[in-house]
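Observations on the model geometry
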Amino acid sequence: QVQLVESGGGLVQPGGSLRLSCVASGSIRRINTMGWYRQAPGKQRELVAEVTSGGSTNYADSVKGRFTISRENAENTVYLQMNSLKPEDTAVYYCKVVLRTYVSVRDLEVWGQGTLVTVSS
């Protein structure tokens, strides 16, 4: 019913930048919170940043001042601009969207397939 497609991952040198995108498609009635999570090898998945439907944002302390999350509501898209990347930012980045479909009676959490970000010289 609902699909998330992520793009923008890749290999970048320390200090470089990347921009991740996540597009939601399908039978979507309303999107609430959109966010990015990441999971490094051997570690648990953690919140990177999220943005509510009202535009309020929340960031992990480790990325504050370097990453910026934004959303384009008309296109059901969320972005993550990542600047001043560090080797410790290396991880698989996952998009998560909380939404309602035209048939759901409660909020649903939908996850993307993940995109790999590697920060290395």
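Above this note sits the structure.
Described below are features of the structure shown in this document. (Residues numbered from 1 in each chain as written. Predicted model: local features only at pLDDT ≥ 70, side-chain atom pairs only at ≥ 80, totals over all residues. Heavy atoms only, no water.)

Helix and strand counts for the protein come out as zero helices and 11 strands. Helices and strands in the protein line up, N terminus first, as β-β-β-β-β-β-β-β-β-β-β. Relative to the 2.2 N^0.38 estimate, which gives 14 Å for 121 residues, the radius of gyration of the protein is 14 Å and therefore close to what a compact globule would have. By its C-alpha atoms, the protein is 50 × 25 × 25 Å across when sized along the principal axes. Counting over 121 residues, the protein shows a buried share of 44%. A sequence separation of at least 24 residues applies to 56% of the contacts in the protein between residues at least 6 apart. Carbon and sulfur atoms form 45% of the exposed surface of the protein, whose accessible area is close to 6400 Å². Each charge sign in the protein was given a centre, from 13 positive and 10 negative side chains, and these centres are 3 Å apart. (Helix = DSSP H or I, 4+ residues; strand = E, 2+ residues; numbered from the N terminus. Rg over C-alpha atoms; globule rule 2.2 N^0.38 Å. Buried < 20%, exposed > 50% of the residue type's maximum accessible area, 1.4 Å probe, protein only. Contact = heavy atoms within 4.5 Å. Areas by Shrake-Rupley, 256 points an atom, 1.4 Å probe, with all protein chains shown as cover. Lys, Arg positive; Asp, Glu negative; His and termini not counted. Charge placed at Lys NZ, Arg CZ, Asp CG, Glu CD.)

A few words now on the side chain of Ser21. In this fold, Ser21 is placed in strand E3 (residues 18–26). Excluding residues within four positions of it along the chain, Ser21 makes contact with Val5, Glu6, Ser7, Trp36, Val78 and Tyr79.

Positive phi, close to 50 degrees, is recorded for Asn76, a residue that is not glycine. The topology assignment puts Asn76 in the loop between strand E7 (67–72) and strand E8 (77–82). Take Asn76: its relative accessible area is 25%, and that puts it in the partly exposed class. Residues other than glycine seldom take positive phi values, yet Ser84 does so here, at roughly 50 degrees. With respect to the helices and strands, the residue Ser84 is situated in the loop between E8 and strand E9 (91–101).

Inspection of the entire model under this criterion finds one aromatic pair. Over the ring of Tyr94 we find Arg45, and its NZ or CZ is 3.7 Å from the ring centre. Here the basic side chain of Arg45 rests over the ring of Trp111, its NZ or CZ set 4.7 Å away from the ring centre. (Phe/Tyr/Trp six-rings, centres within 6.5 Å; stacked < 30°, edge-to-face > 60°. Lys NZ or Arg CZ within 6 Å of the ring centre and 35° of its normal.)

So, on to the state of the cysteines. Tallied over the entire structure, the rule returns one disulfide. The disulfide bridge from Cys22 ends at Cys95, spanning 2.2 Å between sulfur atoms. With the S-S bond torsion at -80 degrees, the cross-link from Cys22 to Cys95 turns out left-handed. In this pair, Cys22 is assigned in strand E3 and Cys95 in strand E9, connecting sequence segments 73 residues apart. (Disulfide = S-S within 2.5 Å.)

By themselves, these figures tell us nothing about what the structure is for.
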